[in-house]
Amino acid sequence: MNIFKNIDPVLIDVKWERNPRQDYGDIESLCEYTRKHGDFDQPLLVTPSGKENFTLEHGYRRMLARTLLAGNPMPEGMFAIGHSGKPIKSGTILYKEPINIPVVSVKIIDDANFGETEILLQHYAQNAGKSLTPLEESSLFQSLVTVAKWTQADISEHAGCTQAHVSTVLKLNGFSDEVKNLIRSNKVASTYALEVLK
């Protein structure tokens, strides 16, 4: 059963490490849009985690904008940029005077069949605001292999891409953290790194 409603954002538990997205892009522009226009065009996807509380399943980038607007620091392990194009470091507080947006629009998924596999597929299918980077896609595909025990053919069928693409993307998981950081910072293209790996 799906329910749409407006709730207090403090009722939403956010586990940032569950999101395959690592690059949140120009988050400052999204913060400003949220500050001016309030609620989002798309509701956040949440699942019940108690009598009144919920767990965020999809919409991490939009939730990060609200988190920063509330005066909270940039969480650890994330990459984002500001208006100037310069990186926003972990621990940075963008809004020293918190801006309160009292409610957030959510879609509540209360379905026993909506498990971890469906959540992972939601990340892949619904990233309309900002597409996943190759490294993020690689991390998500690897989670489907590990969590759902899917084959490359399974991923190809459900993700709507070729099996060759799945195979290529999964190879990115074999890189060291040093190489991955070079790819994230656009100092090395993922395609070039894969050619070297061959």
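Section: the overall build of the protein chain
Secondary structure assignment for the protein chain yields 8 helices and 7 strands. Taken over 198 residues, the protein chain has a buried fraction of 42%. A sequence separation of at least 24 residues applies to 69% of the contacts in the protein chain between residues at least 6 apart. If you sum the accessible surface of the protein chain, you get close to 10,900 Å²; carbon and sulfur atoms cover 51% of it.

Some remarks on the nonpolar core
Counting residues in each nonpolar core, the largest one holds 27 residues, and the members touching the most others are I12, W16, I27, L56, L64, M74 and V106. At the level of elements, α1 (27-37), β4 (44-48), β5 (54-58), α2 (60-69) and β7 (104-109) are the ones that each hand at least two residues to this core. No other element matches the 6 residues that α2 contributes to this core. Every residue in contact with L64, bar those within four places of it in the chain, is listed here: W16, Y24, I27, M74, P75 and M78. Grouped together as the second largest cluster of nonpolar side chains are 13 residues, L132, F141, C161 and V166 included.

As for the pairing of β5
With 5 of 5 residues buried, β5 is to be regarded as a mostly interior element. Bridge count between strand β2 (residues 12-13) and β5: 2 bridges; the pairing is parallel. Directly across from D13, in β5, lies its bridge partner T55.

Re the pairing of β4
The buried count for β4 comes to 4 of 5 residues, which makes it a mostly enclosed element. Pairing of β4 with β7, which is carried by 3 bridges, proceeds in the parallel orientation. Across the sheet, L44 pairs through a bridge with V106, a residue of β7. Alignment of β4 against β5, held across 4 bridges, turns out to be antiparallel.

Looking at the sheet that holds β5
In sheet architecture, strand pairing relies on hydrogen bonds along the backbone and comes in two forms, parallel and antiparallel. Strand order in the open sheet formed by 5 strands is β1-β7-β4-β5-β2, and the pairing between neighbours is mixed. Each edge of the open sheet carries a strand with a single partner, namely β1 (2-7) and β2. Strands in contact with α2 are β2, β4, β5 and β7; relative to β5, the strand with the most contacts, it is inclined by about 125°.

Focus on the packing of helix α5 (residues 152-159) against helix α6 (residues 163-170)
One way to put it is that α5 packs onto α6 with a least axis distance of 8 Å and a crossing angle of 115°. Where α5 crosses over α6, the handedness of that crossing is right-handed. Facing Q152, A153, I155 and S156 of α5, the residues of α6 in contact are Q163, V166, S167 and L170. The residue makeup of the contact of α5 with α6, split by class, is 4 nonpolar, 4 polar and no charged.

Reading the values: rules and limits
Residues numbered from 1 in each chain as written. Predicted model: local features only at pLDDT ≥ 70, side-chain atom pairs only at ≥ 80, totals over all residues. Heavy atoms only, no water. Helix = DSSP H or I, 4+ residues; strand = E, 2+ residues; numbered from the N terminus. Buried < 20%, exposed > 50% of the residue type's maximum accessible area, 1.4 Å probe, protein only. Contact = heavy atoms within 4.5 Å. Areas by Shrake-Rupley, 256 points an atom, 1.4 Å probe, with all protein chains shown as cover. Core = buried A, V, L, I, M, F, W, Y, C linked by side-chain atoms within 4.5 Å. Pairing = 2+ DSSP bridges. Axes fitted to C-alpha atoms, helices over the stretch in contact; angles between N-to-C directions. Left-handed = near helix turned anticlockwise from the far one by under 90°. Nonpolar A, V, L, I, M, F, W, Y, C, P; charged D, E, K, R; others polar.

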